[in-house]
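Descriptive structure summary
Chain by chain, the residues run as shown.
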Amino acid sequence: GAAFARAMVDTAQALAEALGAEGLPLFRTARGVTGSHQFAVEAAAWGGGQSASRRLRLAGFLACGIGLPRPPVAGDVNGLRLGTPEICRWGLRTGDMPRLAALIAAALKSADPARLADEVADWRSGFDRVHFIRAAA
């Protein structure tokens, strides 16, 4: 309910801020980076959003490309969409976002993002309980 919605927004804002601190080009409007559970990174530097999402997948992350009102990227969409519903459900909170951002940034910047897969999996294994579930009546 409301607590889950608030956690998703707070976590998205914290992740966006942490990715910006890592030097990633965040998509911004006059209203800011995000007011919801998702936001976008301008992905031209990685050949587009789908290309960036494939790099992240090699490291153990799921994301997707998204079209943004920015110059096009030939053969791909120009943005990378990141969302926080599942990471919140698995217990990550705002305090975890600097570490997550560092791993995402390392995967995007690495010549071999797959080299991070074990580190990502090890870190992720600490989040092993689902949160924000409704108890059966």
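Preceding this section is the structure that the text describes.
Residues numbered from 1 in each chain as written. Predicted model: local features only at pLDDT ≥ 70, side-chain atom pairs only at ≥ 80, totals over all residues. Heavy atoms only, no water.

**Structural notes on the overall build of the protein chain**
As a reminder, the rule being used: Secondary structure follows DSSP: runs of H or I at least 4 residues long count as helices, runs of E at least 2 residues long count as strands, and numbering of each begins at the N terminus. Two residues form a contact once any of their heavy atoms are found within 4.5 Å. Using the Shrake-Rupley algorithm and a 1.4 Å probe, accessible areas are obtained, with residue cover drawn only from the displayed protein chains. In this tally Asp and Glu are treated as negative and Lys and Arg as positive; neither His nor the chain ends contributes. For this purpose, a charge sits on NZ of Lys, CZ of Arg, CG of Asp or CD of Glu.
Counting its secondary structure elements, the protein chain contains 5 helices and 3 strands. Going residue by residue from the N terminus, the α and β elements of the protein chain occur as α-β-α-β-β-α-α-α. With the C-alpha coordinates of the protein chain rotated into their principal frame, the extents come out at 50 × 35 × 25 Å. Once local pairs closer than 6 in sequence are excluded, the contacts in the protein chain between residues at least 24 apart make up 67%. Total accessible area computed for the protein chain in this model is approximately 7500 Å², and 54% of it derives from carbon and sulfur atoms. With 16 positive and 12 negative side-chain charges, the protein chain shows a spacing of 7 Å between the two charge centroids.

**Here's the deal with the pattern of salt bridges**
Let me state the cut-off plainly: The working definition used for a salt bridge is a side-chain nitrogen of Lys or Arg within 4 Å of a carboxyl oxygen of Asp or Glu. For every residue, the accessible area (1.4 Å probe, protein chains only) is compared with the maximum for its type, and the residue is labelled buried under 20%, exposed over 50%, or partly exposed between those bounds.
In this structure the tally under the stated criterion is 4 salt bridges. A salt bridge links R6 to D10; the shortest N-O distance between them is 2.9 Å. With R6 and D10 both in helix α1 (residues 2-21), this residue pair falls 4 residues apart, about one helical turn. With a relative accessible area of 30%, D10 lands in the partly exposed category. Across the pair E86 and R89 runs a salt bridge, and its minimum N-O distance is 2.9 Å.

**Here we look at the nonpolar core**
Under the convention used in this document: Buried residues of nine kinds, namely Ala, Val, Leu, Ile, Met, Phe, Trp, Tyr and Cys, make up a nonpolar core once their side-chain atoms join them within 4.5 Å.
L19 and F39 are the most contacted members of the largest nonpolar core, which has 30 residues in total. Elements that contribute at least two residues to this core include exactly α1, β1 (38-42), α2 (49-59), β3 (79-83) and α4 (97-109). If sequence neighbours within four positions are ignored, L19 has contacts with L24, L26, F39, L82, A101 and I104.

**Observations regarding the sheet that holds β3**
So the rule is basically this: We treat two strands as partners when DSSP finds at least two bridges between them. Each axis is a line fitted through C-alpha atoms, and for a helix only the stretch in contact is used; angles between axes span 0 to 180 degrees, taken between their N-to-C directions.
The 3 strands are arranged β1-β3-β2 in an open sheet whose pairing can be described as antiparallel. Either end of the sheet is taken by a strand with one partner, and the two such strands are β1 and β2 (64-66). Averaged over all neighbouring strand pairs, the angle between strand axes comes to 40 degrees, with direction disregarded. With 3 bridges joining them, β2 and β3 adopt antiparallel strand pairing. Bridge pairing in β3 links G65 to L80.

Coordinates in, geometry out; function isn't part of it.
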